[in-house]
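# Secondary and tertiary structure notes
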Amino acid sequence: MPGMSPPPPTPMNGTTGMHHKMMMHMTFFWGKDTLILFSGWPGSSTGMYVLALVFIFVLAVLVEWLSHCRLIKPGSNNVAAGLIKTLMHAIRVGLAYLVMLAVMSFNGGVFIVAVAGHLVGFLIFRKWSFQGFRDATVSQDLRSSSVKLLIEKQ
């Protein structure tokens, strides 16, 4: 309509008026000035950045623990056991999503500690997988030595 002025242009970087938002990176970057999970966290302090990295590491280890812990004893009530398993699954998935969202900050340090946390958790809580490998190797060695004994006896 004549006489009406167009609305003021909005900036392309997502800032409006006096409010300034940090730019979200879409590629990996290095540095302590990042946002992880919450607005304003960890801020620009090196100590808070290190605390955030420790928090992400512990979350990743906790996800691995919840993936491999056996809290239900054999012979327990099926309904109660099912509810506990469901609750543990929901907690594990929620924590895994938090780790994923932290990695989506595209900070290289966050990515490294998330992977390291999953690695350490796997090594600690999946020790049976390494024992199973060792037992399989030992049993194969025993089988091959048994075959050798049988051949020698003939």
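About the cut-offs
Residues numbered from 1 in each chain as written. Predicted model: local features only at pLDDT ≥ 70, side-chain atom pairs only at ≥ 80, totals over all residues. Heavy atoms only, no water. UniProt positions renumbered as here; feature names shortened; annotations may be inferred. Helix = DSSP H or I, 4+ residues; strand = E, 2+ residues; numbered from the N terminus. Buried < 20%, exposed > 50% of the residue type's maximum accessible area, 1.4 Å probe, protein only. Contact = heavy atoms within 4.5 Å. Axes fitted to C-alpha atoms, helices over the stretch in contact; angles between N-to-C directions. Parallel < 35°, antiparallel > 145°, perpendicular 65-115°, else oblique. Left-handed = near helix turned anticlockwise from the far one by under 90°. Nonpolar A, V, L, I, M, F, W, Y, C, P; charged D, E, K, R; others polar.

Looking up the chain in an unreviewed UniProt entry gives the name Copper transport protein, with the organism given as Salix suchowensis. Of the comments in the UniProt record for the chain, the one headed Subcellular location (unreviewed entry) reads "Membrane". Under the Sequence similarities (unreviewed entry) heading, UniProt states for the chain: "Belongs to the copper transporter (Ctr) (TC 1.A.56) family. SLC31A subfamily."

When the UniProt feature table is mapped onto this chain numbering, "transmembrane region" (unreviewed entry) sits at residues 47–67. A helix fraction of 100% and a strand fraction of 0% characterise residues 47–67, whose end C-alpha atoms lie 30 Å from each other.

Okay, the environment of F55 next. Here F55 shows up in helix α1 (residues 46–68). Of the residues examined, F55 reaches a relative accessible area of 37% and is grouped as partly exposed. Along the sequence, F55 and G117 sit 62 residues apart, while their C-alpha atoms lie 10.0 Å from each other. Contact partners of F55, with chain neighbours within four places excluded, come to L37 and W41.

Once that is clear, we can look at the packing of helix α2 (residues 78–103) against helix α3 (residues 108–125). The axes of two packed helices give the description: the angle between them and the distance between them. Two elements in contact, α2 and α3, have axes whose closest approach is 8 Å; the angle formed by their N-to-C orientations is 150 degrees. Between α2 and α3, the angle falls in the class roughly antiparallel. Crossing hand, α2 versus α3: left-handed. Here α2 contributes V99, A102 and V103 to the contact with α3, which in turn contributes V110, F111, A114 and H118. Tallied by class, residues from the contact of α2 with α3 come to 6 nonpolar, 1 polar and no charged.

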